[in-house]
Amino acid sequence: MKGIVSICCFFSLLVLALAAVGLGARGIPPVLAVGTPDPLLPLLDKPLSPLSLKVGHLTDPHGPRPPSVELPPGHALHRPAPSIQNHVTKSAYTVACDIGQQEEEVEDVLSNILRDRSHIDETLRLASEENAAENYHAAIQKLRKIYHAAIKPMEQAYKYNELRAHEISDGEITSKPMVLFLGPWSVGKSSMINYLLGLKDSPYQLYTGAEPTTSEFTVIMHGEKTRSIEGIVMAADSSRSFSPLEKFGQSFLEKLIGIEMPHKLLERVTFVDTPGIIENRKQQERGYPFNDVCQWFIDRADLIFVTFDPTKLDVGLELEMLFRQLKGRESQIRIILNKADNLATQDLMRVYGALFWSLAPLINVTEPPRVYVSSFWPYDYAPDTSRELFKREEISLLEDLNQVIENRMENKIAFIRQHAIRVRIHALLVDRYVQTFKDKMSYFSDPDLVFKEIVDDPDKFFIFKSILAKTNVSKFDLPNREAYQDFFGVNPIGSFKSLSAQCSYSSGCLLDKIEKAITSELPGLLSSINPGKTPPGLSSCEATGCGDKPKNRYRKN
C-alpha cells in the first residue's frame, strides 16, 4: 500500500513539475495547494501585452505574479492529475487564441503602414505570357550566330579588341538589360531595389541604414534558387558577362557580390547596386580603381539611376568625376530625388531648384534630364504630403524601366550592329595603312622609317580622307589618329593582311560577311521581332557606309 501511495505521489509531483515548466514560459511560477482556489486559470486567461510581442517568443515581464499560498500543517503538495490537465489544456487554448488575435492585429497594423505594390506588377507587366520570353531567347540565339559568323572573324583578323579594349562575349550578348544605381551614400539606392523586388524582411534584402552601408558592387540577378555568389566565382564563369572584371584585380573581386533569386522582374532585368560616393574619401583608400570600375558598368548599362536625397545635394570631386564618365550617355540617365515625403511642399520646391543648380555645370545638354521626385521604399508616404504627385512620379519611373525591358532585344541588335560598323571601319583603316606601306616601300627603303612616317602623319598619305571618300563613312565615326600610333606600336604592320587576302573559295571574304550582317541580316532580325516595322534606310549603303569591296581572288568571275 505504501508503494502505491509513493507511486501516486511521484506522478503527482511529475505532473506539477511539467505544468510549472509550461507556465514558466510566461514567467509565472505557480504555487498550488490542496483546498485552495486555483490561481492559474484567471492569470492564464489574462490577455498578453502587445508590447511584449517579439519575433519567435512571447513574454510578459511586467505582468502580475500569482500570490503564493501557504500550506496548512499536514497538507501535501499534490492535486489530482485530471484537474491539472483540464486547467492547463484550457489555459494553453486561451494563450493560443491570444497569440492568433495579436498576430492578426500586427498584420493589420503592418498593412496600414506598408505601401501597396500592385501598381509595380501592373506597370512592368510581370504577368505577361511566356511566349514573349521564348521569342526573345530565339532571337538572342540568332543574334549570337550572326556575331560569331560575320563579325568576330573580322575582329580577330585585325585585332579590334586591342584598339577599343571592349571584347563582346557570349555572356554579354545573352545578358539581360542592366540597371545601374549611382549616387551619394545613404540616399536610398539599396532601399529602392528592396522596394522594387519586394525584399522587405526577406533574408536577402540589401542592408540599409543612415550610415554608409554598401561597400560592395552588388549584382542582383535571376536564378533558380536564392543564393549569394562571390565575385571571384562570377568573374571565372564564362557564361556570365562579368569575366572582363578580372582586370581590376583581386581586391576589387573581393568587393563584388552577386545575389541570385527567382523573381519575375529579374527574369527581364539585372540590378547593380554600387557603393555610395563619399566626398571626403580618397580614391586610393578603396583599394581598387573605383572610377574605372564605374566606367565599365556605365558602358554596359541600359538605364542609369543617379539618386539624391534632400540632405545630400552638394557636388564634390568624386561626383563630378562620375558625371564626366556619364558624358555621351545622357539619354540613359534618370535623376531621382528620393525621400521627398520628408519635406513640406514649399521646401521640396526649393530643394528641387537647388538640385538643378548643383547639376547644371555637370550636364551640358540642350534638353535638361528628367528628375523623378518621390520616396522609393516599402512604407507609406508621410502624412500631409503630395502623395498623388509622388505616386504619379513613381509610375512614370516604372514606365521608363518597362520601356527598357520591352526594347531590350531592339537595343541589343542596335548595339551589335553599331559594334559591327566600328569593326568594319577599323578593318578598312588597317587595310589602308597596309596598302600605303606597300606602295611606299622600295628595294632600298628602310621599312621602319617608312612606316613611322606613315603613322606619324597619316593625313600626308590621305589615309583617313580616302576612307571617307570611298566608303561613305561619317567622319564622326572615325577613331583618333593617335590611337593608331599606339595600336601599331604594339602590333607590327607585317602581322596584318590586306582585305583582298582575307578571302577564301568556300566562305568568301570577311568584308562581304560583315557588310551583309550590317545591311541585311541584323535589320532582318529586327524586323522579325517587330512585324510590320521595317527600319527605314538600314539596307542602303548610304546609311551603313558600304563602299568598295575587295575582289575574291579564289572565286571565278
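Predicted, not measured: the structure shown is a model, and the values here were computed from it.

Calculation rules
Residues numbered from 1 in each chain as written. Predicted model: local features only at pLDDT ≥ 70, side-chain atom pairs only at ≥ 80, totals over all residues. Heavy atoms only, no water. pLDDT = per-residue confidence, 0-100. Helix = DSSP H or I, 4+ residues; strand = E, 2+ residues; numbered from the N terminus. Contact = heavy atoms within 4.5 Å. Buried < 20%, exposed > 50% of the residue type's maximum accessible area, 1.4 Å probe, protein only. Pairing = 2+ DSSP bridges. Right-handed = clockwise from strand over helix to strand, strands pointing away. Phe/Tyr/Trp six-rings, centres within 6.5 Å; stacked < 30°, edge-to-face > 60°. Core = buried A, V, L, I, M, F, W, Y, C linked by side-chain atoms within 4.5 Å. Axes fitted to C-alpha atoms, helices over the stretch in contact; angles between N-to-C directions. Parallel < 35°, antiparallel > 145°, perpendicular 65-115°, else oblique.

**Regarding the confidence of the model for the protein chain**
The predicted model of the protein chain has a mean per-residue pLDDT of 77, with 71% of residues at 70 or higher. At the level of individual helices and strands, the protein chain shows its lowest average pLDDT in helix α2 (residues 40-44), which scores 40, and its highest in strand β5 (residues 270-273), which scores 96. Low pLDDT, under 50, characterises residues 23-90; the stretch is placed with 77 contacts to residues that sit more than four places away or in other chains. Note on residues 534-540: pLDDT under 50 across the span, and twelve contacts to partners over four residues away in sequence or across chains.

**So, the pairing of strand β6 (residues 303-308)**
In terms of burial, β6 is a largely internal element, six of the six residues being buried. Covered by surrounding structure in β6 are L303, F305 and T307 together with I304, V306 and F308, the residues of both alternating faces. As paired strands, strand β1 (residues 178-182) and β6 are joined by four bridges and run parallel to one another. Residue pairing in the sheet places L180 in a bridge with I304 of β6. As paired elements, β6 and strand β7 (residues 333-337) share five bridges and run parallel to each other. Paired with F305 across the bridge in β7 is R334. The parallel pair β6 and β7, bridged by helix α12 (residues 317-325), forms a crossover whose chirality is right-handed.

**A few points about the packing of aromatic side chains**
For the structure on display, the rule yields 25 aromatic pairs. Where Y484 meets F488, the ring centres are 6.2 Å apart and the plane angle is 35 degrees; that geometry is what we call tilted. Placement of the pair is Y484 and F488 together in helix α18 (residues 481-490), with a separation of four residues, close to one helical turn. Using a relative accessible area of 7% as the deciding quantity, one classes F488 as buried.

**Considerations on unusual backbone geometry**
Positive phi outside glycine occurs at R125, with the angle close to 50 degrees. Secondary-structure assignment places R125 in the loop between α4 (118-124) and α5 (131-158). Phi is positive for K159, close to 50 degrees, though the residue is something other than glycine. Mapping K159 onto the fold places it in the loop between α5 and α6 (161-164).

**Some remarks on the nonpolar core**
M154, Y433, Y484 and F488 are the most contacted members of the largest nonpolar core, which totals 52 residues. Elements that contribute at least two residues to this core include exactly α5, α15 (408-440), α16 (447-456), α17 (463-471), α18 and α19 (510-529). In terms of residues, this core owes the most to one element, α15, which gives 14 residues. When residues no more than four places from it in sequence are discounted, the contact partners of Y433 are I454, V455, P458, I463, F464, Y484, F488 and I493. Grouped together as the second largest cluster of nonpolar side chains are 47 residues, F308, A340, L359 and L362 included.

**Concerning the packing of α16 against α18**
Look at α16 against α18: their axes get within 9 Å of each other, and the N-to-C directions meet at 155 degrees. One element, α16, and the other, α18, form an angle in the roughly antiparallel class. Residues F451, V455 and D456 of α16 form the contact with α18, whose participating residues are Y484, Q485 and F488.

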